[in-house]
Amino acid sequence: MDIGVISVRYARALLKSALEQKLDEAVYQDMQTLSNSYIDVPQLRLTICNPMMAKDKKRDLLLTACGANHSQLSEAFVNLVLGEDREDILQFISNAYITLYRQHKNVIRAKLITAKTASEDMVQKMKQMVESRTKGSVEFETETNPEIIGGFILEYDTYRMDASVKNKLNTILHTLKK
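Because the structure is predicted, anything quoted here is derived from the model rather than measured. (Residues numbered from 1 in each chain as written. Predicted model: local features only at pLDDT ≥ 70, side-chain atom pairs only at ≥ 80, totals over all residues. Heavy atoms only, no water.)

**As for unusual backbone geometry**
Alright, step 1. With phi around 55°, Asn106 is a residue other than glycine that occupies positive phi space.
Alright, step 2. Inspection of the secondary structure assignment puts Asn106 in the loop between helix H6 (90-105) and strand S1 (107-114).
Alright, step 3. Unusually for a residue other than glycine, Asp157 sits at a positive phi of about 50°.
Alright, step 4. As for its position among the elements, Asp157 is in the loop between strand S3 (151-156) and strand S4 (159-164).
Alright, step 5. You can call Asp157 exposed: its relative accessible area is 63%. (Helix = DSSP H or I, 4+ residues; strand = E, 2+ residues; numbered from the N terminus. Buried < 20%, exposed > 50% of the residue type's maximum accessible area, 1.4 Å probe, protein only.)

Structure representation (C-alpha cells):
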C-alpha cells in the first residue's frame, strides 16, 4: 500500500479523535512541533527508522520531538503508531494531520517578504487583506530578504503578489531587451 494513503488514514483517524475530544488545536501544535523536529534534526528520521533501537527509546525520542507540553492524545497516538510498526511514516502522518487540520478549520498560510523588517501595522493590514479574500483564518509569517531591494512579496494559497523593486527592475530590463 502507498505511504501517502496510509499516512492520510492515520492522520484522519487522529483528527477525528482530536475533534471528538476537543484536542484538535493541541494535537495540531504537537504535530507541527514534530514535523519541525524532523526538519531541524535530519538524524531523527534515521534514528526512528533504525530497527535496532528499542521501542521505548523511540517513544521517548518521539515524545520529546512533539514538545515538552504534548497532549495525552498525541502520546497515545505515538504509542499506537509504534505498536503498529509504522514509526517510519510518522513524519508523513504529522504532515498529513497538519494539512487536514488546516482544511477542516479553513486555515490559510501566508508569507510576507520585505527588504527590511515590516512594521506591525503593515503585517496586520496584509493579514486582514488575506483573511478578507480567503474568508478564513491566516497563519502569517514574515521574512526579510534584502535582495528584493524594496517593496514586498505576498504569498498565500496559490497566490503570489510580487510588488518588489527587484521584480519591477527585471520587468523594465526585459522590456528594454525586446
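Now that the structure has been shown, the text picks up again.
**Some remarks on the pattern of salt bridges**
Alright, step 1. This model, assessed by the stated rule, comprises 13 salt bridges.
Alright, step 2. Arg109 is paired through a salt bridge with Glu139; the nearest N and O atoms lie 3.9 Å apart. Of this pair, Arg109 sits in strand S1 while Glu139 sits in strand S2 (residues 137-144), placing them 30 residues apart in sequence.
Alright, step 3. Residue classification places Arg109 among the partly exposed positions, given a relative accessible area of 44%.
Alright, step 4. By relative accessible area, Glu139 is classed as partly exposed at 24%.
Alright, step 5. Between Glu155 and Arg160 there is a salt bridge; the shortest N-O distance is 2.3 Å.
Alright, step 6. Note on Glu155: relative accessible area 24%, which makes it partly exposed.
Alright, step 7. A single network of salt bridges, built from pairs that share partners, joins Lys55, Lys58, Asp85 and Glu87. (Salt bridge = Lys/Arg side-chain N within 4 Å of Asp/Glu carboxyl O.)

**A closer look at the side chain of Lys58**
Alright, step 1. Within the element layout of this structure, Lys58 appears in helix H4 (residues 55-65).
Alright, step 2. Residue class for Lys58 comes out buried when judged on its relative accessible area of 3%.
Alright, step 3. Contact partners of Lys58, with chain neighbours within four places excluded, come to Thr47, Ile48, Asn50, Pro51, Met53, Leu82 and Glu87. (Contact = heavy atoms within 4.5 Å.)

**Thoughts on the sheet that holds S2**
Strands pair in a sheet through their backbones, by hydrogen bonds, and they do so in one of two ways: parallel or antiparallel.
Alright, step 1. Spatial ordering of the open sheet is given by S2-S1-S3-S4, a layout of four strands whose pairing is mixed. Looking at the sheet topology across the chains shown, the edges are occupied by S2 and S4. On average, each strand axis in the sheet is inclined to that of its neighbour by 15°, with strand direction left out of account.
Alright, step 2. Each of S3 and S4 touches helix H8 (residues 165-177); the most contacted strand, S4, lies at about 80° to it. (Pairing = 2+ DSSP bridges. Axes fitted to C-alpha atoms, helices over the stretch in contact; angles between N-to-C directions.)

**Focus: the side chain of Ser71**
Alright, step 1. In this structure, Ser71 sits in the loop between H4 and helix H5 (72-83).
Alright, step 2. Relative accessible area serves as the criterion here: at 9%, Ser71 is assigned to the buried category.
Alright, step 3. Polar contacts involving the side chain of Ser71 include one to the side chain of Ser74, which spans 3.0 Å.
Alright, step 4. Discounting residues that sit within four places of it in the chain, Ser71 has contacts with Ala26, Val27 and Asp30. (Polar contact = N/O pair within 3.5 Å; in protein donor to acceptor, adjacent residues only side chain to side chain.)

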